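For reference, the chains in residue letters:
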Amino acid sequence: MPKNKKPAGGRPAKNFDPSYAKKSKSKQHKRADASGSSRKPGSRSPGHRGYRPEEAEPKQRWSREEREAAGRSPRRSSSSRRDDRDGGGRYDRDDRPRRDDRDQRGSRGYDRDDRAPRRDDRDRRDSGRKYDRDDRAPRRDDRDQRGSRGYDRDDRAPRRDDRDRRDSGRRYDRDDRAPRRDDRDRDRSQRVAGRGYDHDDARKRDRDRGERPRRDHDDRRVAGRGYDRTDRDDRRGYDRTDRDDRRGYDRNDRPGFRESERRPSTYFPAKDDRAPYTPEDDVVLERLQAEAITADAVEGVTFADLGLGGNIVRSLRDLGAEHPFPIQAATIPVVLEGRDVLGRGRTGSGKTIAFGAPTVERLMQMWAAKGKAGEKRKLGRAPRALILAPTRELALQIDRTVQPIAQSVGLFTTQVYGGVPQGRQVGALQRGVDIVIGTPGRIEDLIEQRRLDLSEVEITVLDEADHMCDLGFLEPVQRILRRTREGGQKLLFSATLDTGVAALVDEFLVDPAVHEVAGEDQASGTIEHRVLVIRNDQKRDIVAQLAARPGKTLVFSRTRAFAEDLVEHLEDRGVFAVALHGDLNQARRTRNLQQLTSGKVDVLVATDVAARGIHVDDIDLVIQADAPDEYKTYLHRSGRTGRAGKRGVVVTLIPRGRHRRMTELLERAEIEAEFDEFARGDEFTIAAADASE
DNA sequence: AAAAAAT
């Protein structure tokens, strides 16, 4: 256990006195009632509700004719769409996800004989494959960038056949393993349905037929109609391939380790250890006492003024960041001082650069200070910075920003997240990287396998830090932080950073500097919020109606099953849509998100996997097909639109009975929204969002 | 309920 490094006798920073973290309704109300003089920095004036500085502009109509004139429908034929989805988008991507895609195909696309290829075989074969790869973009992977891969082969994974021999025989008698997914589903269904035995049998039959296990009736009810899911899954082809992937990628790439050396997995806790899901009260925690920077304080300031070196400044310019945003101006100098930092800036305010750029700069400075600059490229060096994110897509996205910054000064990053073969990640680590960017599960996995050593990590960043403190994330995150160098710098960022992060702050941070942007919160942006009170049986039609328009739309659903259902329904209505949720394999997740980014598709239906951090340009409509349960979720989901000063609309669909709950949630979010009764076919009119920032 | 490692 790392000891808490707070000075003896020191008391916790005021913000993180555990008593502040207590969730109490009364506190919330007190805050809401607080008079202007006592309000917390960054919170809105108590009079903000109903407050609207400018008159709304005249209503803008999205009439049926306009929608049709805009050519939403008819779209491409369904068969060509299908082909397109399977084949297209694979070879014409222009950013880094392609590499993962390739890896995944590589690991399952060839040599499926039982024995996985030996590591060196694979390398040889890989290079041989280049001949018939003319149809795709040139490879661009770490090896090529580095121009050398002379890492020491002696510490490579044991050969596969050795491993197989060792593993065989113990494969079926593991009692300490975490329950398999099916088991867990079954457990849940028994709990949920209360009479799970018949589902259980059906599920087993499905499994024996090699089909997807049945969902709970519960799910089907949510989905709205009782068709046979396995049928649909086959047609959409999304589940079978997923399962093949899940099986396939590991076989080839999993390095050997003795089963007995593993700790029992706690990553997905066994049912008995796991508290049944009980939604917590959605309460507003105390906001942080923060240094507030005002937007005009940034006038004329440059990244160089903030202490960043020339190469980094240039790389930021290449990324399109000419001048620092307020949150960046506020936090970059403090990070460079080496202090722990808590940063709060609303969605889309530039947090990635706010922590990414100074992290790189500081790594360089620390190297220079130790006179070890020459060791920058030492093979097998342990990473010195770690950036944690809650989803794979976010980790990828962060890497896309941080990687070029790091590269500008000769540092390397690598992504470490699940759902893709770990081979390349491990390879990169063996060659040596400076910044690891990833998600908790795979990072822990590689630590367990002794392939990732965090003991040299000087700087740890938690993006979406408050989310990383939620149930299910907190413990892995704590375990990971304990593996980093004691006393290392910690940076916690989120748009909704509050005292919920106290558990981490108390253990890992010393006297953190807290920064936010004055007067800037979610509600002060460029987003128009609407709530439509609808009949639930019309929900899917209404989603289709709203989404049938030019422009990118992001639809949020509470469950994966409903997300799939909505995609299906949208396509029935001629609206081409793709899904993003955890039931899809990573290649598809990456591809589907990419299709929205590239504009190949205008509608993405996602679970909350897409709620936080994901940046897609020009999403101008967010539809919440299911209302969120937490105000923070509302803020993050709606933050997918209205980014960088652009305008956006958020439409939340609720049944009549949810009116009051929704009103209260919006109150907590400090968001003003208009409620309207809405029925299928009604004309949808929106007030123009205030475009002035 | 979703997400986060896999088998």
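Calculation notes
Residues numbered from 1 in each chain as written. Chains lettered and ligands numbered in written order. Predicted model: local features only at pLDDT ≥ 70, side-chain atom pairs only at ≥ 80, totals over all residues. Heavy atoms only, no water. Helix = DSSP H or I, 4+ residues; strand = E, 2+ residues; numbered from the N terminus. Buried < 20%, exposed > 50% of the residue type's maximum accessible area, 1.4 Å probe, protein only. Contact = heavy atoms within 4.5 Å. Areas by Shrake-Rupley, 256 points an atom, 1.4 Å probe, with all protein chains shown as cover. Pairing = 2+ DSSP bridges. Axes fitted to C-alpha atoms, helices over the stretch in contact; angles between N-to-C directions. Lys, Arg positive; Asp, Glu negative; His and termini not counted. Salt bridge = Lys/Arg side-chain N within 4 Å of Asp/Glu carboxyl O. Polar contact = N/O pair within 3.5 Å; in protein donor to acceptor, adjacent residues only side chain to side chain. Core = buried A, V, L, I, M, F, W, Y, C linked by side-chain atoms within 4.5 Å. Domains from an automatic or database assignment. UniProt positions renumbered as here; feature names shortened; annotations may be inferred. Parallel < 35°, antiparallel > 145°, perpendicular 65-115°, else oblique. Nonpolar A, V, L, I, M, F, W, Y, C, P; charged D, E, K, R; others polar. Right-handed = clockwise from strand over helix to strand, strands pointing away. Phe/Tyr/Trp six-rings, centres within 6.5 Å; stacked < 30°, edge-to-face > 60°. Lys NZ or Arg CZ within 6 Å of the ring centre and 35° of its normal.

Re the overall build of chain A
Phase 1: Broken down by element type, chain A carries 27 helices and 17 strands.
Phase 2: In chain A, which comprises 693 residues, the share counted as buried stands at 55%.
Phase 3: Long-range pairs, those at least 24 residues apart, make up 79% of the contacts in chain A between residues at least 6 apart in sequence.
Phase 4: Counting only carbon and sulfur atoms, one obtains 45% of the accessible surface of chain A, whose full area is about 31,000 Å².

Section: the sheet that holds strand β9 (residues 513-517)
Phase 1: Taken together, the eight strands give an open sheet; going across it, the order is β2-β9-β3-β8-β7-β4-β6-β5, and neighbouring strands pair in parallel fashion. Each edge of the open sheet carries a strand with a single partner, namely β2 (291-293) and β5 (413-416). Along the sheet, successive strands turn relative to each other by an average axial angle of 20 degrees, direction set aside.
Phase 2: Together, β2, β3 (341-344), β8 (489-494) and β9 form the strand contacts of helix α15 (residues 326-337), whose direction differs from that of β9 by roughly 165 degrees.

Topic: the environment of H529
Phase 1: Structurally, the position occupied by H529 is in strand β10 (residues 527-534).
Phase 2: For H529, a relative accessible area of 7% corresponds to the buried category.
Phase 3: Between the C-alpha atoms of H529 and S638, which are 109 residues apart in sequence, the distance is 8.6 Å.

What about the side chain of K552?
Phase 1: Following the sequence through the fold, K552 ends up in strand β11 (residues 552-556).
Phase 2: Within the buried set, K552 has no salt-bridge partner at all; the shortest N-O distance to an opposite charge, 5.3 Å, is to D618.
Phase 3: In terms of polar contacts, K552 uses its side chain to reach the backbone carbonyl oxygen of T597, at 3.0 Å.

Describing the nonpolar core
Phase 1: If you look at the biggest cluster of nonpolar residues, it comprises 81 residues, and the most contacted ones within it are F303, L308, L316, V360 and I435.
Phase 2: Split by domain, the residues of this core number at least three in each of domain 1 (60-75 + 522-687) and domain 3 (291-517).
Phase 3: Apart from the residues within four sequence positions on either side, L308 is in contact with F303, V313, L316, I332, L336, A357, P358 and E361.
Phase 4: Ranked by size, the runner-up nonpolar core spans 34 residues in total, among them L342, V426, L446 and I447.

Describing the UniProt feature "domain: DEAD-box RNA helicase Q" (unreviewed entry) in chain A
Phase 1: With numbering aligned to this structure, UniProt lists the feature "domain: DEAD-box RNA helicase Q" (unreviewed entry) at residues 301-329.
Phase 2: In residues 301-329, helix accounts for 45% and strand for 0%; the two terminal C-alpha atoms are 8 Å from one another.

What about the sheet that holds β10?
Phase 1: With parallel pairing, the seven strands of this open sheet are ordered in space as β12-β13-β11-β14-β15-β10-β16. The sheet terminates laterally at β12 (577-580) and β16 (674-677), the two strands that pair on one side only. Across this sheet, the average inter-strand angle for adjacent strands is 20 degrees, counted without regard to direction.
Phase 2: With eight bridges joining them, β10 and strand β15 (residues 648-655) adopt parallel strand pairing. For L532, the partnering residue across the bridge sits in β15 and is L653.
Phase 3: In the packing of helix α24 (residues 560-572) onto the sheet, the strands contacted are β11, β12 and β13 (603-606), and the crossing angle to β12 comes to about 175 degrees.

Observations regarding the packing of helix α26 (residues 631-638) against helix α27 (residues 659-669)
Phase 1: At a closest axis distance of 8 Å, the pairing of α26 and α27 adopts a crossing angle of 70 degrees. Looking at the two axes, α26 sits roughly perpendicular to α27. Note on element contacts: α27 touches α26 through M662, L665, L666, R668 and A669, opposite Y631, Y634 and L635.
Phase 2: Here the residues of the contact of α26 with α27 are counted per class, giving seven nonpolar, no polar and one charged.

Details of the pairing of β13
Phase 1: Alternating positions in β13 separate into two faces, V603 and V605 on one and L604 and A606 on the other, with burial throughout.
Phase 2: In this structure, β11 lies alongside β13, joined through four bridges in parallel fashion. Bridge pairing links V555 to V605 in β13.
Phase 3: Two strands pair when backbone bridges link them, and β12 and β13 are joined in this way by four bridges, in the parallel orientation. Paired with L580 across the strands is A606, a residue of β13.
Phase 4: In this region the chain leaves β12, passes through helix α25 (residues 586-598) and returns to the parallel neighbour β13; the handedness of that crossover is right-handed.

Some words on the packing of aromatic side chains
Phase 1: Tallying each qualifying case throughout the model produces two aromatic pairs.
Phase 2: Aromatic side chains F678 and F684 sit 6.2 Å apart centroid to centroid with 80 degrees between the ring planes, which places their arrangement in the edge-to-face category. For the pair F678 and F684, one class covers both residues: buried.
Phase 3: Across from the ring centre of W367, 4.4 Å away, lies the NZ or CZ of R384, which sits over that ring.

Section: the pattern of salt bridges
Phase 1: According to the stated counting rule, one finds 27 salt bridges in the structure shown.
Phase 2: Linking R656 and E677 is a salt bridge whose minimum nitrogen-to-oxygen distance equals 2.8 Å. You can see R656 sitting in the loop between β15 and α27 and its partner E677 sitting in strand β16, a full 21 residues away along the chain.
Phase 3: Among the residues examined, R656 registers a relative accessible area of 57% and is labelled exposed.
Phase 4: The exposure class of E677 is exposed, given its relative accessible area of 53%.

Describing the pairing of strand β14 (residues 619-624)
Phase 1: The element β14 is largely enclosed, with a buried count of five among its six residues.
Phase 2: As paired strands, β11 and β14 are joined by five bridges and run parallel to one another. What sits directly across from T553, in β14, is L621.
Phase 3: Where β14 meets β15, four bridges bridge the pair, whose relative direction is parallel. What sits directly across from V622, in β15, is V650.
Phase 4: In this fold, β14 hands off to α26, which returns the chain to β15; that crossover is right-handed.

Some details on helix α19 (residues 440-448)
Residues spaced three or four apart along an α-helix point in a common direction, a consequence of the helix completing one turn every 3.6 residues.
Phase 1: Among the nine residues in α19, seven count as buried, and that is most of the element.
Phase 2: All buried positions along α19 are accounted for by P440, R442, I443, E444, D445, L446 and I447.
Phase 3: Looking at the residues trailing α19, positive phi occurs at R450, about 60 degrees.

What about helix α18 (residues 423-431)?
Phase 1: Burial runs high along α18: nine of the nine residues are buried.
Phase 2: Within α18 the residues assigned to the buried category are G423, R424, Q425, V426, G427, A428, L429, Q430 and R431.

Brief notes about unusual backbone geometry
Phase 1: If you check the backbone angles, R450 has positive phi at about 60 degrees while not being a glycine.
Phase 2: By the secondary structure assignment, R450 is in the loop between α19 and β7 (459-463).

A word on the side chain of T633
Phase 1: Structurally, the position occupied by T633 is in helix α26.
Phase 2: Excluding its chain neighbours within four sequence positions, the residues that come into contact with T633 are D608 and P628.

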